[in-house]
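Residue strings, one per chain:
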Amino acid sequence: MAIISRPDVAPIPENITVHLGAPDAAAENITVPFPEYIKNVASGTLNPTWPDAALLANIYAQISLALNRIQTESYRDKGYLFDLTNHEPYEQNFVPGRDIYENISRIVDENFDSYIVRSGSKAAAFTPYCDGVETTCEGLSQWGSVELAKQGKKPYEILTFYYGEDIDLVRDIPIDANFESYPRYPLRVGSSGREVGIIQHEINRIAENYPVIPRIQNPDGNFTREMEASIKAFQRIFRLPEDGVVGKSTWYKIKYVYDSVKGLGELFSGRVGSGDFKRPADASWKEGDSGIWVMLIQYYMRSLSCYYHILPLVEISGTFGPETSEAAKALVSIYGLPWNGLIDADVLARFYQDYLVKLKNIPEDCLPEEPVYPGYLLYRGMGDNNVRLIQGYLRGIAEKDPDIPMVSVTGVFDAVTEAAVSAFDSKYLGEGQGDVLIGPITWSAIISVYHQLQ
């Protein structure tokens, strides 16, 4: 066995969808971040007083078992709308709202981007386990792993004892997400550069939902004592080691929290812009409404019609007409929800989650733009891979068209990027100087114009 990094193995999913029951039972599907799923499962089966080596060996087995089911598409290949169930003995037991042990949470945050593979394979290994006392199996014995840890065995030695010598423990696997994977080095006071700048913008956005986190007044890419204080406050809120350093666990926690408050989260905060973009927490849409949120709804439904062939095609017009109602009613019925003529925030979030899950299974010729729109609005102050991607296209357009301001590809949606998007909208889409947002139409148009100008 070896502990290695391999770029060719399958990535870690950002989120997974769990069916809360037996595969064919009428039960709720819930989508959660992958680390939160592992923390939940581990906290339900492991004793937090066990030695860390035993806990980590068991967590590696639980990560690998879940990923094996996901990567082999055990359920999605059969037409199910979820990745896993929580129904034992088919699956690991996931219980929404379960109390999570602090040390288990810490271990998962530091190691969820690792899993076990058989030598020569690219997929996560099938790693069954059992308690070893009340039940036995051809796999890891949980109580047996405790005894091995007490004998001084390391986690990978425990794993080879149960799964054989022909396994590798692959570390630092990229996350298949809209955010960037950990850069493999910690950010601390004195650090500088693009990664620091993006974290500064993300912390400032998170601070709007968590005002006890001090805002960083000059997010210029330099890690100062002021930023350290903000990071410590973030770590304190989310029960991370309060050292003021952005290591792997803090990096990913910032990314997941930021993801949870941006995009669709703006539906509740009403932070950016005015008019149509501001929405109260009880926002809903119905026939007769119009605007960018209606356009986003129509984009989800049109994309999902490539997967659910019973859905009628919807024009992405930004106007909620009878055709949009018909498609929304059909999609809501697929989820087993009642239709009352309204798309509220919960239904919109359901569309978004389903869109993210289905993206990989939508035929390539059904979504013409490449790369595919990420599914959320981009605006000033955001920082992620998709901002960087669209900046690259804008820069290519600016090199050919002097009417578009030249942008720097930083990954942060700054004032210059905002000016470039505004100029693009005015020239190529004929839109006025309202809220500068990149939705599905602007995203697709930027990519299309870029290719036309090359």
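Preceding this section is the structure that the text describes.
Just so you know, these numbers come straight off a predicted model, no measurement behind them.

A. How the structure looks around the nonpolar core. If you look at the biggest cluster of nonpolar residues, it comprises 129 residues, and the most contacted ones within it are Phe34, Tyr37 and Phe351. Considering each element in turn, this core owes the most residues, 13 residues, to helix α2 (residues 52-71). When residues no more than four places from it in sequence are discounted, the contact partners of Tyr37 are Ile16, Val18, Val32, Ala66, Leu84, Gln92 and Phe94.

B. View of the packing of aromatic side chains. With the rule as written, the count across this model stands at 21 aromatic pairs. Measuring from ring centre to ring centre gives 5.1 Å for Tyr299 and Tyr373, while their planes differ by 90 degrees; the resulting arrangement is edge-to-face. Taken as a pair, Tyr299 in helix α10 (residues 292-304) and Tyr373 in the loop between α12 (345-358) and α13 (385-400) lie far apart in primary sequence, 74 residues in all. When its relative accessible area of 4% is taken as the criterion, Tyr299 is described as buried. Residue Tyr373 is classed as buried on the basis of its relative accessible area, which comes to 0%.

C. Focus on the packing of α13 against helix α15 (residues 440-453). At their nearest, the axes of α13 and α15 sit 9 Å apart, and the two run at 40 degrees to each other. Between α13 and α15, the angle falls in the class oblique. The handedness of the crossing between α13 and α15 comes out as left-handed. Contacts from Asn386, Leu389, Ile390, Tyr393, Leu394, Gly396, Ile397 and Lys400 in α13 reach Trp443, Ile446, Ile447, Val449, Tyr450, His451 and Leu453 in α15. Class assignment for the residues of the contact of α13 with α15 results in 11 nonpolar, three polar and one charged.

D. Molecular detail of the state of the cysteines. Taken as a whole and judged by the stated rule, the model has one disulfide. Cys130 shares a disulfide with Cys137; S-S distance 2.4 Å. Its S-S torsion of approximately -95 degrees makes the covalent link between Cys130 and Cys137 left-handed.

E. Highlighting the sheet that holds strand β4 (residues 29-33). If you walk across this open sheet you meet the three strands as β4-β3-β5, and the pairing is mixed. This sheet does not close on itself; its edge strands, each paired only once, are β4 and β5 (84-85). When strand β3 (residues 15-19) meets β5, the two strands line up parallel, connected through two bridges. From the neighbouring strand, Val18 faces β5, where its bridge partner is Leu84.

F. Here's a closer look at helix α14 (residues 415-429). Taking 1.5 Å per residue as the helical rise, α14 with its 15 residues ought to reach 21 Å, and the 20 Å between its terminal C-alpha atoms agrees with that figure. Looking only at α14, the buried set comprises Thr417, Ala420, Val421, Ser422, Ala423, Phe424 and Asp425. One or two positions beyond α14, positive phi appears at Gly430, with a value near 70 degrees.

G. Just the environment of Ser145, in detail. Mapped onto the elements of the fold, Ser145 is located in helix α4 (residues 142-150). For Ser145 and Gly392, which are 247 residues apart along the polypeptide, the C-alpha to C-alpha distance reads 50 Å. Not counting residues up to four positions away in its chain, the partners in contact with Ser145 are Ala54, Asn58, Leu140, Ile158 and Tyr162. A polar contact of 2.9 Å, which involves the side chain of Ser145, links it to the side chain of Asn58.

The rules we used
- Residues numbered from 1 in each chain as written.
- Predicted model: local features only at pLDDT ≥ 70, side-chain atom pairs only at ≥ 80, totals over all residues.
- Heavy atoms only, no water.
- Core = buried A, V, L, I, M, F, W, Y, C linked by side-chain atoms within 4.5 Å.
- Buried < 20%, exposed > 50% of the residue type's maximum accessible area, 1.4 Å probe, protein only.
- Helix = DSSP H or I, 4+ residues; strand = E, 2+ residues; numbered from the N terminus.
- Contact = heavy atoms within 4.5 Å.
- Phe/Tyr/Trp six-rings, centres within 6.5 Å; stacked < 30°, edge-to-face > 60°.
- Axes fitted to C-alpha atoms, helices over the stretch in contact; angles between N-to-C directions.
- Parallel < 35°, antiparallel > 145°, perpendicular 65-115°, else oblique.
- Left-handed = near helix turned anticlockwise from the far one by under 90°.
- Nonpolar A, V, L, I, M, F, W, Y, C, P; charged D, E, K, R; others polar.
- Disulfide = S-S within 2.5 Å.
- Pairing = 2+ DSSP bridges.
- Expected span 1.5 Å × (residues − 1).
- Polar contact = N/O pair within 3.5 Å; in protein donor to acceptor, adjacent residues only side chain to side chain.

These values are about where atoms sit, not about what they do.
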